[in-house]
Amino acid sequence: MSSPTLDRVLDAVFRVDRTFDVKFISEPGKHWLEVAPDAGLPKNFVELLHPADLEQFKSACKTTPDFFSCDVRLIKGVGECWVNLRAYRLTAVDQYVLCVIDISAWRRDESVYRLATEHDELTGLASRSAFKNAVEIQLRSGVPTFFVFLLDLDGFKNVNDALGHAEGDAVLIETAKRLRSVVGPESALTRLGGDEFVLLLNGASVEAAKEVAKTLLQAVARPYDTHPHDTYLGASIGIARFPGHGADYGSLLKNADNAMHQAKRMATSRVCIFSAAQDNTDFSIRAAVHKAIHEGEFYLEYQPQFDINRQLVGAEALMRWFSSDYGQVSPVKFIPIVEEAGLMPFLGQWALRYACHQLKQFHALMPNFVMSVNVSPVQFGGDGFDQHVLDAIAETGVDSTKVILEITESTLMQSQERTELALTKLCNHGIRFSIDDFGTGFSSLAYLTRLPVSSIKIDKAFVSAMENLPSASSTNRKLVTAMISLAHSIDLSVVAEGVETETEFDFLRQSGCNLIQGYLLSRPISAATVLQLMKQSGAVAT
Ligand code: C2E
Ligand code: CA
Ligand code: CA
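Keep in mind the model is a prediction, meaning the values are calculated, not measured.

## Digging into the packing of aromatic side chains
- Summed over the entire model, instances satisfying the criterion amount to 14 aromatic pairs.
- Residues Phe131 and Tyr249 carry aromatic rings whose centres are separated by 6.3 Å and whose planes lie at 65° to one another, so their mutual orientation is edge-to-face. With Phe131 in helix α5 (residues 128-141) and Tyr249 in helix α9 (residues 249-265), this pair connects stretches of sequence that are 118 residues apart. Neither residue differs from the other here; Phe131 and Tyr249 are each classed as buried.
- A centroid spacing of 5.3 Å and a plane angle of 40° characterise the contact between Trp350 and Tyr354, whose relative ring orientation is tilted. Of this pair, Trp350 and Tyr354 both sit in helix α12 (residues 344-365), 4 residues apart, roughly one helical turn.

Structure below.
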């Protein structure tokens, strides 16, 4: 199975204190740095920096202390090496996690590097290939989220026709200046051709991107000083977001372009965010979902989770639907339909209540048993989610510290303030959170460290990929190890999912993974079968 993120490997992870004294280096990191096995850790991270890049590093840290990123040289073995460095501040302990990616191969490739310095002759903006490069670097560096904007001037053709090409050129030059002043000197900004501009925006929220788009429109709306009279122009902006709207440069640009055309068609707004046309959702299944809710066709199965000694410690509740019309329908198919129909808050609440009831029963045999329940991003978006969770716990009288809510990276990325409030409130009641499918959606470490998350679940895609083709598998193993050390460096525990073979199990055990879930040890099973497993493992009713 291929994953768009598999080739983005962190070469080293450091944890350092405020003065950059080194507290931790990941095992692969030590190897990469060529630290001799008997040598101690480098004392201070600054010692590893090339002296010529020290100023840049310090100024990046000073400008945005919570998160900064820079390309610098590190002293490594007897030589030096270009790296992309991303630093995330752990506010609670006032330390930094430094994620390092070796970019020396890319820097060596002169032809690629030269492109980055070419320019659009008219506006002086970077060339199209430089823009493409900037996006591709962004994709490789594992930045959690960014936006590609495509801005097209409205009515520019009239300027050319009525005032001539010289005035037209002047308008384009002035537009480039105005856009640059909005996005600042660091953002990649390019003229695609004609009156179309593209830019790359780093940022976490869609709201922030919309705000920038608004400011860009205002900048274009100011009168242009042309002869013989001023010119008034508008613009339309299409936005594509990574992740979600394309995994490579071509698709991000295409989707931004689609969105821009959509914006031109809309009467109400000149800004449009790409949205995939609802693909042929099966309307008859949709009708059946409504019926199923009324007729109680949904139920839960539980997939056991084991510690590294194969002892049963908990389970993940998984929703099942046996439809009288369609037979067994996979959650991969019905959950998006339920979400789209607006029924997920309802069904999700049901699942949580049901799982808590079941957990209470499990606790009679095994009081430490931990139940994980999936939460869809749309449940978080709904009103009173946190209260519903607390109600379910109160109603069942279950020990809240034995409940883990599995949330996805997209939950973390939507409305941060609201999510943070809900998470913190629930956390204060003892409930824990785990990031599901970790690594597939680029959650920013900054979120992970700020929010009360206690574990990550490494997606099956990564676990299975470890045994792929021999050439790919060593990179994939490196990636899994990097994820585990990264998680451990910020005190998160790690659950590996979809573990199907002894080889995977052994590798994960050796890499320090904490819990294992997968067909190797057990498929999802009924509550009755979980109770049998507990008895087999020696649990006795209290
Ligand atoms: P998920 O949360 O990533 O759940 C793990 C999925 O991997 C489950 O598929 C599980 O049966 C499957 N799995 C576990 N071990 C193995 C293995 O060794 N090999 C293979 N091939 N598969 C394995 P399932 O039950 O089909 O669920 C699919 C997805 O549906 C879940 O992915 C989750 O995103 C969603 N889902 C299921 N129940 C709920 C629920 O109650 N609420 C919400 N919001 N989503 C749910
Ligand atoms: Ca899950
Ligand atoms: Ca998962």
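## Re the coordination of the calcium ion (ligand 2)
- Surrounding the calcium ion (ligand 2) are the protein donor atoms Glu316 (OE), Asn374 (OD1), Glu406 (OE) and Asp436 (OD), which sit 2.1 to 2.3 Å from the metal.
- Positions of the donor residues of the calcium ion (ligand 2) along the chain correspond to the pattern E-x57-N-x31-E-x29-D.
- Taken as an interatomic distance, the gap from the calcium ion (ligand 2) to the calcium ion (ligand 3) is 4.0 Å; Asp436 donates to each of them. Linking Asn374 in strand β14 (residues 370-374) with Glu406 in strand β15 (residues 403-407), this pair joins segments that are 32 residues apart in sequence.
- Residue classification places Glu406 among the buried positions, given a relative accessible area of 1%.

## Concerning the site of ligand 1
- Around ligand 1, the structure places 22 residues, and the nearest of them are Gln303, Met319, Arg320, Glu500 and Tyr519.
- The side chain of Asn374 places a nitrogen or oxygen atom 3.1 Å from an oxygen atom of ligand 1.
- Protein chains bury 82% of the 800 Å² of accessible surface belonging to ligand 1 in isolation.
- Looking at the shell around ligand 1, the element that brings in the most residues is strand β12 (residues 312-323), giving 4 residues.
- A breakdown of the residues in the shell around ligand 1 according to their chemical character gives 10 nonpolar, 5 polar and 7 charged.

## Notes on the side chain of Ser455
- The topology assignment puts Ser455 in strand β17 (residues 455-458).
- Ignoring any residue separated from it by four or fewer positions in sequence, one finds Ser455 in contact with Phe433, Ser434, Ile435, Leu492 and Ser493.

## Focus on the sheet that holds strand β9 (residues 234-242)
- As summarised here, the arrangement of the 5 strands in space is β7-β8-β6-β9-β10, forming an open sheet in which the pairing is mixed. The sheet terminates laterally at β7 (189-193) and β10 (271-273), the two strands that pair on one side only. Strand-to-strand twist in this sheet, taken as the mean axis angle between neighbours without regard to direction, amounts to 20°.
- Looking at chain direction, β7 and strand β8 (residues 196-202) are connected through 4 bridges and run antiparallel. Residue pairing in the sheet places Leu189 in a bridge with Leu199 of β8.
- Packing of α5 onto the sheet brings it into contact with β6 (146-154), β7, β8 and β9, and relative to β8 it is tilted by some 25°.

## Some words on the nonpolar core
- Ranked by internal contacts, the top residues of the largest apolar core, which has 86 residues, are Tyr302, Phe362, Phe369, Leu405, Ile458, Leu508 and Met534.
- Here this core gets 9 residues from one element, more than from any other, and that element is α12.
- Here this core spans two domains, and each of domain 1 (4-116) and domain 3 (303-316 + 344-537) adds at least three residues to it.
- In this structure Phe362 touches Tyr302, Phe369, Met371, Ala527, Val530, Leu531 and Met534, once residues within four positions along its chain are discounted.
- Core analysis: the next-biggest nonpolar cluster, separate from the first, contains 29 residues, Leu125, Leu189, Leu199 and Val212 among them.

## Here we look at the coordination of the calcium ion (ligand 3)
- Taken together, Asp436 (OD), Asp437 (OD), Glu497 (OE) and Glu497 (OE) make up the protein donors of the calcium ion (ligand 3), found 2.1 to 3.0 Å from the metal.
- Every donor residue of the calcium ion (ligand 3) comes from the same chain, spaced as D-D-x59-E.
- The exposure class assigned to Asp437 is partly exposed, which follows from its relative accessible area of 27%.

## Some words on the sheet that holds strand β2 (residues 22-25)
- The 5 strands are arranged β2-β1-β5-β4-β3 in an open sheet whose pairing can be described as antiparallel. Looking along the sheet, the strands with just one partner apiece sit at the ends: β2 and β3 (67-76). Sheet twist, expressed as the mean angle between neighbouring strand axes with direction ignored, is 30°.
- The pairing of strand β1 (residues 12-17) with strand β5 (residues 95-102) spans 6 bridges and is classified as antiparallel.

Reading the values: the criteria
Residues numbered from 1 in each chain as written. Chains lettered and ligands numbered in written order. Predicted model: local features only at pLDDT ≥ 70, side-chain atom pairs only at ≥ 80, totals over all residues. Heavy atoms only, no water. Phe/Tyr/Trp six-rings, centres within 6.5 Å; stacked < 30°, edge-to-face > 60°. Helix = DSSP H or I, 4+ residues; strand = E, 2+ residues; numbered from the N terminus. Buried < 20%, exposed > 50% of the residue type's maximum accessible area, 1.4 Å probe, protein only. Donors = N, O, S within 2.8 Å, 3.2 Å for Na, K, Ca; no water. Near = heavy atom within 4 Å. Polar contact = N/O pair within 3.5 Å; in protein donor to acceptor, adjacent residues only side chain to side chain. Areas by Shrake-Rupley, 256 points an atom, 1.4 Å probe, with all protein chains shown as cover. Nonpolar A, V, L, I, M, F, W, Y, C, P; charged D, E, K, R; others polar. Contact = heavy atoms within 4.5 Å. Pairing = 2+ DSSP bridges. Axes fitted to C-alpha atoms, helices over the stretch in contact; angles between N-to-C directions. Core = buried A, V, L, I, M, F, W, Y, C linked by side-chain atoms within 4.5 Å. Domains from an automatic or database assignment.

Purely geometric numbers; function is a separate question.
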